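Here is what each chain is made of, one letter per residue.
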Amino acid sequence: MNLIVIGCGRVGSELAYHLFKQGHQVCIVDQNEKAFLGLPIDFHGRTLGGDALNQIILRRAGMETADGVVVVTNSDMTNAVVGHVAQTVYKVPSVVVGNFEPHYRYIYDAFNLQVVSPSHWGAQRIEEMLYGQEARMVFSAGNGEVELYELLVPPVWDGHFLRELIPDQDCTPAALTRAGRAVLPQLDMLLHQGDLLLVSATLEGIRDIRRRLESLQEV
Ligand code: AMP
């Protein structure tokens with residue numbers, strides 16, 4: 001694939017190198033040419049010095065024929081604008097942008113861009129790792145707004161209704177596996193110790209479930 005990475009910083013250099021190693025044609029752009037010194041010596045993709053807000057630079061990078069563009073500069077405005085231009089003017093099939101400051105997320109949403117927020121995502125992951133392992137995250141959708149968690153029903157929950165464990169909002173039970181057989185869970189099902197429950201939840205939803213699990217444990 002013909003891929004362009006804009007911003008040769010912490011995320012961009014790592015990504016460009018990885019894409020190059022995967023065999024793609026990679027062009028990495030940065031307004032500060034010294035940034036290219038951070039690339040591994042065995043990176044043999046194209047480097048292009050220049051401001052990504054300049055359309056001449058974008059065209060030189062190959063925007064008109066790119067299969068994918070990633071915009072990961074340290075400016076949220078630049079990422080949003082260049083991502084929007086790539087999507088609407090150059091009709092690049094796949095555009096992904098980085099969100100530097102979490103409170104600027106709304107800009108990307110307004111442009112309907114695929115966005116990854118490393119700081120927001122990292123903070124969420126760290127919070128999850130700090131807590132107990134009774135609910136293990138197995139899949140993260142979007143930018144972690146909704147995640148799938150796997151819960152092993154502990155002995156104290158044996159004989160309780162599923163609805164006692166699942167909050168009314170921010171959470172949907174997705175599957176319940178008992179003795180190796182999975183079913184779509186109904187809220188009036190009785191839980192058995194050792195059931196493996198898969199739930200789809202927001203961060204608020206999983207916090208609520210963890211509180212419920214602990215509250216019964218303490219009785
Ligand atoms: P980092 O802060 O490590 O994520 O690096 C971000 C990179 O984006 C830096 O190397 C900046 O020079 C680069 N950058 C910021 N704005 C632009 C821009 N308008 N055009 C090209 N590169 C940029």
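The following refers to the structure shown. (Residues numbered from 1 in each chain as written. Predicted model: local features only at pLDDT ≥ 70, side-chain atom pairs only at ≥ 80, totals over all residues. Heavy atoms only, no water.)

## Side note on the nonpolar core
Short version of the rule: Take the buried residues of types Ala, Val, Leu, Ile, Met, Phe, Trp, Tyr and Cys, join any two whose side-chain atoms come within 4.5 Å, and each joined set is a nonpolar core. The buried label applies to any residue whose accessible area, calculated with a 1.4 Å probe on protein chains only, is under 20% of its type's maximum; exposed applies above 50%, and partly exposed to all values in between. Note on conventions: DSSP H or I runs of at least 4 residues are helices, E runs of at least 2 residues are strands, and numbering of each starts at the N terminus. Contacts: residue pairs with any heavy atoms within 4.5 Å of one another.
By size, the foremost hydrophobic cluster in this structure holds 25 residues, and its most contacted members are I4, I6, V29, L58, M63, V69 and V92. Only β1 (2-6), β2 (25-30), α2 (55-61), β4 (68-71), α3 (76-88), β5 (94-98) and α4 (105-111) provide two or more residues apiece to this core. Among the elements that take part in this core, α3 stands out by supplying four residues, more than any other. Setting aside residues no more than four positions away along its own chain, I4 makes contact with C27, V29, A61, G62, M63, A66, G68, V69 and V70. Listed in part, the 19 residues of the second largest apolar core include L165, C171, L197 and I209.

## Quick notes on a nonpolar patch on the surface
Stated precisely, the cut-off is as follows: Residues enter a patch when their relative accessible area is above 30% and they make no salt bridge; the linking distance is 9 Å between like charges and 5 Å between nonpolar side chains (Val, Leu, Ile, Met, Phe, Trp, Tyr). Accessible areas in this description were obtained via Shrake-Rupley with a 1.4 Å probe; residue shielding takes into account the shown protein chains only. Between Lys or Arg on one side and Asp or Glu on the other, a salt bridge is scored when a side-chain nitrogen of the former is within 4 Å of a carboxyl oxygen of the latter.
Together, I126, L130 and Y131 make up an exposed nonpolar region whose accessible area comes to about 340 Å². Structurally, L130 is set in helix α5 (residues 118-130).

## Points about the site of the ligand
To be explicit about the condition: Note on terminology: near, applied to a residue and a molecule or strand, indicates that one of the residue's heavy atoms is within 4 Å of it. Under this definition, polar contacts are N or O atom pairs within 3.5 Å; protein pairs additionally need one hydrogen-donor-capable and one acceptor-capable atom, and for neighbouring residues in sequence, both atoms have to be side-chain atoms. Charged means Asp, Glu, Lys or Arg here, nonpolar means Ala, Val, Leu, Ile, Met, Phe, Trp, Tyr, Cys or Pro, and polar covers whatever is left, Gly included.
Lining the immediate surroundings of the ligand are 13 residues, of which R10, D30, D51, A52 and N74 lie closest. Separating a nitrogen atom of the ligand from a backbone N or O atom of Q31 is a distance of 3.2 Å. In this structure, a nitrogen atom belonging to the ligand sits 2.9 Å away from a main-chain N or O atom of A52. Compared with its free state, where it exposes 510 Å², the ligand has 86% of that area covered by protein. The residue makeup of the shell around the ligand, split by class, is two nonpolar, eight polar and three charged.

## Considerations on helix α1 (residues 10-21)
What counts, and what does not: The span expected for a helix works out to 1.5 Å for each residue beyond the first. What the arc measures is the spread of directions leading from the helix axis to the C-beta atoms.
Taking 1.5 Å per residue, 12 residues should reach 16 Å; α1 reaches 17 Å between its end C-alpha atoms and fits that length. Buried residues of α1: G12, S13, A16 and L19, and no others. Angular distribution of buried residues about the axis of α1 spans 135°; they occupy a single face of the element. The exposed set on the far side of α1, more than 90 degrees from its buried face, consists of R10 and E14. The elements touched by buried residues of α1 are β1 and β2.

## Description of α3
With 13 residues, α3 extends 18 Å between its outermost C-alpha atoms, agreeing within 8% with the 18 Å of an ideal straight helix rising 1.5 Å per residue. Contacts made by the buried residues of α3 are with β1, α2, β4, β5 and α4.

## Focus: the sheet that holds strand β8 (residues 146-152)
The condition that has to hold: Any two strands with at least two DSSP bridges between them are considered paired. Inter-axis angles, ranging from 0 to 180 degrees, are taken between N-to-C directions of lines fitted to C-alpha atoms, where helices are fitted over the stretch in contact.
Spatial strand order, β7-β8-β11-β9-β10: five strands in an open sheet with antiparallel pairing. Each having just a single partner strand, β7 (135-141) and β10 (181-183) make up the two edges of the open sheet. Taking the axes of each pair of neighbouring strands and ignoring which way they run, one obtains an average angle of 20° across the sheet. Note: strand β9 (residues 171-178) against β10, three bridges, orientation antiparallel.

## As for the sheet that holds strand β3 (residues 46-49)
Taken together, the six strands give an open sheet; going across it, the order is β3-β2-β1-β4-β5-β6, and neighbouring strands pair in parallel fashion. Either end of the sheet is taken by a strand with one partner, and the two such strands are β3 and β6 (114-116). When the angles between neighbouring strand axes are averaged without regard to direction, this sheet yields 20°. Pairing of β1 with β4 involves four bridges; the strand directions are parallel. Looking at β4, one finds that I4 is bridged to V69.

## Some details on the side chain of D30
Here D30 lies in strand β2. A distance of 2.8 Å separates the side chain of D30 from the backbone nitrogen of N32, its partner in a polar contact. Ignoring sequence-local partners within four residues, the contact set of D30 consists of G7, C8, G9, A35, F36, L48, G49 and G50.

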